[in-house]
Amino acid sequence: MLKECRSLSLWTNMCKFTTNAGMGPPLENVEGVFSNTGWYATNQFAVDVIFSNRMKQYDCLTNDSSLAAAIFVPFYAGFDIARYLWGYNISRPEWKIMQGRDHFLVAGRITWDFRRLSEEEGDWGNKLLFLPAAKNMSMLVVESSPWNANDFGIPYPTYFHPAKDADVFAWQDRMRKLERKYLFSFAGAPRPGNPKSIRGQIIDQCRGSELGKLLECDFGESKCHSPSSIMQMFQSSHFCLQPQGDSYTRRSAFDSMLAGCIPVFFHPGSAYTQYTWHLPKNFTTYSVFIPEDDIRLRNGSIEERLSQIPPEQVQIMRENVINLIPQLIYADPRSKLETFKDAFDVAVQAVIDKVTRLRKNIIEGRTEYDNFVEENSWKYALLEEGQREAGWHEWDPFFSKPKGESAGDGSTGSSAEAAKNSWKNEQRDQK
């Protein structure tokens, strides 16, 4: 796939983005927005290559599968499906031990690209995650399904891939000292074709506020295609608005946190139920949650809501965001951090812990949860220690739509259609 990199996207020559172990070409620090080393023009769907190369540096690799806590499958599933999304439509001994339940693979795309619902020509993606074998494996994707148990969310890659701990320390210190002149900011495009989207109202509020900053993204030349412009705005803002796009998540959320900007989410599926390995369960420590209906029904403005947060609380939240940076970034795959655990380390440890618990439960003849319901999968990672059953949750209304409906916001249309739209809109904003 890497040798035939020109076939990985209809619109983008992915060859340059697969260089430098998947980080892409180096970014020059002409405007002083970045630090001098460790910054690359990383494609948001390059996790396949980055993760595989990081795995080569992992301390505890073994060629003896009988000694392995988990088994990594080095398949670029995200790149594979990218070649066929437009216009094309188990016998190993390691597998037999746990029927694949100790196997995991990485696909740097959203889960809906691997959940084709029918054989119709117009449907989207492939059926990888519906295959009987795949249902036992753990698939690490940049956006998981709230209704399925075989995929897990990992961070989108940012532009920062430090080679040593000192680079991380220096960046964190710099983010602490920045003067932030905007109360809030938003980088993105409206979704006029989606009547349930709140992006248009968010853009209107940014335009109408003297304390807000807007970076409008649309087709053609746009500052949203400039990593420097995006990061500069985030570095100048206290809060960064992260509404849904065509699906729950956005790469922008991770770019903004890298800049020390406190994310504002409008749907729990944009972060809180997605990245449970990498983000604290208590989301109020590092983010602000404003339900989408508050925007739709105009229950106060975003400016009013954010202005009510005391400055000392803002400072504490920003420090929490800055402290999260190491576990949200992917270090340079050609080197290794000494004291920090990056997004790769956190994900691999979480998989190993998951498989270890499963193994123990099999030996003891028990299950991890009582009355497990797969369509409530999003709830289980939110349970407190010792809880074994998922009951009512305040976020139930956000996830009450059937799987066949939109993965993004409950609007009509299939999750596959949302996935297709997200790829089209990738060309005008950073999703």
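Residues numbered from 1 in each chain as written. Predicted model: local features only at pLDDT ≥ 70, side-chain atom pairs only at ≥ 80, totals over all residues. Heavy atoms only, no water.

Participant: Outline the environment of Asp345, listing residues and values.
Facilitator: Relative to the elements of secondary structure, Asp345 occurs in helix α11 (residues 343–364). Taking the C-alpha atoms as reference, Asp345 lies 7.9 Å from Gln327; in sequence the two are 18 residues apart. Excluding residues within four positions of it along the chain, Asp345 makes contact with Arg54 and Phe340. Here Arg54 takes part through its side chain, which lies 3.4 Å from a polar atom of the side chain of Asp345. (Helix = DSSP H or I, 4+ residues; strand = E, 2+ residues; numbered from the N terminus. Contact = heavy atoms within 4.5 Å. Polar contact = N/O pair within 3.5 Å; in protein donor to acceptor, adjacent residues only side chain to side chain.)

Participant: Tell me about the layout of surface pockets, and please be specific about residues and values.
Facilitator: Here the idea is plain: a probe the size of a water molecule rolls over the atoms and shows the empty space left. Here the largest pocket defines a volume of roughly 1,700 Å³. Put simply, the parts of the chain that give the lining of the largest pocket at least two residues each are β4 (151–153), α11 and α12 (377–380). With 11 residues, α11 is the single largest residue contributor to the lining of the largest pocket. (1 Å grid on protein atoms, 1.4 Å probe; cavity = no way out; pocket = protein on both sides within 12 Å on 5 of 7 lines; lining within 4 Å. Points joined across faces, edges and corners; volume = space filled by probe spheres on them.)

Participant: Talk me through the pattern of salt bridges; I want residue IDs and the actual numbers.
Facilitator: Tallied over the entire structure, the rule returns 21 salt bridges. A salt bridge links Asp102 to Arg359; the nearest nitrogen and oxygen atoms lie 3.8 Å apart. You can see Asp102 sitting in the loop between α3 (93–98) and β2 (103–110) and its partner Arg359 sitting in helix α11, a full 257 residues away along the chain. On the accessibility criterion, Asp102 (4% relative accessible area) is buried. The salt bridge involving Arg305 is made with Asp294; its shortest N-O contact spans 3.0 Å. Residue Arg305 is found in helix α9 (residues 302–307), and its partner Asp294 is found in helix α8 (residues 292–296); the two are separated by 11 residues along the sequence. Assessed through its relative accessible area of 27%, Arg305 is described here as partly exposed. (Salt bridge = Lys/Arg side-chain N within 4 Å of Asp/Glu carboxyl O. Buried < 20%, exposed > 50% of the residue type's maximum accessible area, 1.4 Å probe, protein only.)

Participant: Describe α11, with residues and values.
Facilitator: Look at α11: 32 Å from first C-alpha to last across 22 residues, which is about the 32 Å you get at 1.5 Å a residue. Buried residues of α11: Ala343, Phe344, Asp345, Val346, Ala347, Val348, Ala350, Val351, Ile352, Val355 and Asn361, and no others. For α11, the elements touching its buried residues are α1 (47–55), α3, β2, β3 (138–143) and α10 (311–328). Just downstream of α11 lies Gly365, where phi reads positive at about 70°. (Expected span 1.5 Å × (residues − 1).)

Participant: Could you give me a rundown of helix α6 (residues 227–235), with the residues and numbers involved?
Facilitator: An α-helical turn contains 3.6 residues, so any two residues separated by three or four positions project in the same direction. Most of α6 is tucked away, with eight of its nine residues classed as buried. At its buried positions, α6 is contacted by α4 (165–177), β5 (182–188), β6 (212–216), β7 (237–242) and α7 (252–258).

Participant: Give me the sheet that holds β5: which residues, what numbers.
Facilitator: One open sheet accounts for five strands, arranged β6-β5-β7-β8-β9; its pairing is parallel. Looking at which strands have only one partner, the edges of the open sheet turn out to be β6 and β9 (288–289). Relative to strand β8 (residues 262–265), β7 is paired through four bridges, and the arrangement is parallel. Bridging from a neighbouring strand, Leu241 pairs with Val264 of β8. (Pairing = 2+ DSSP bridges.)

Participant: Hey, could you go over the confidence of the model for the chain for me, with residue numbers and the actual values?
Facilitator: Taken residue by residue, the chain gives an average pLDDT of 88. The fraction at 70 or more is 90%. Segment residues 403–420 is flagged for pLDDT under 50; beyond a separation of four residues in sequence, or across chains, it makes 44 contacts in the model. This model gives residues 422–431 a pLDDT under 50, and the stretch forms 49 contacts once residues within four places in sequence are excluded. (pLDDT = per-residue confidence, 0-100.)

Participant: Outline the state of the cysteines, supporting the account with residue identities and numerical values.
Facilitator: By the definition in use, this model includes two disulfides. There is a disulfide in this structure between Cys5 and Cys15, and the S-S distance comes to 1.9 Å. Its torsion about the S-S bond being 95°, the disulfide of Cys5 and Cys15 is classed as right-handed. Within this pair, whereas Cys5 is found in the segment before α1, its partner Cys15 is found in the segment before α1, the two being separated by 10 residues in sequence. We note that Cys5, like Cys15, is buried. Here Cys240 connects covalently by a disulfide to Cys261, the sulfurs 2.1 Å from one another. Between Cys240 and Cys261, the disulfide has an S-S torsion of 110° and is therefore right-handed. (Disulfide = S-S within 2.5 Å.)

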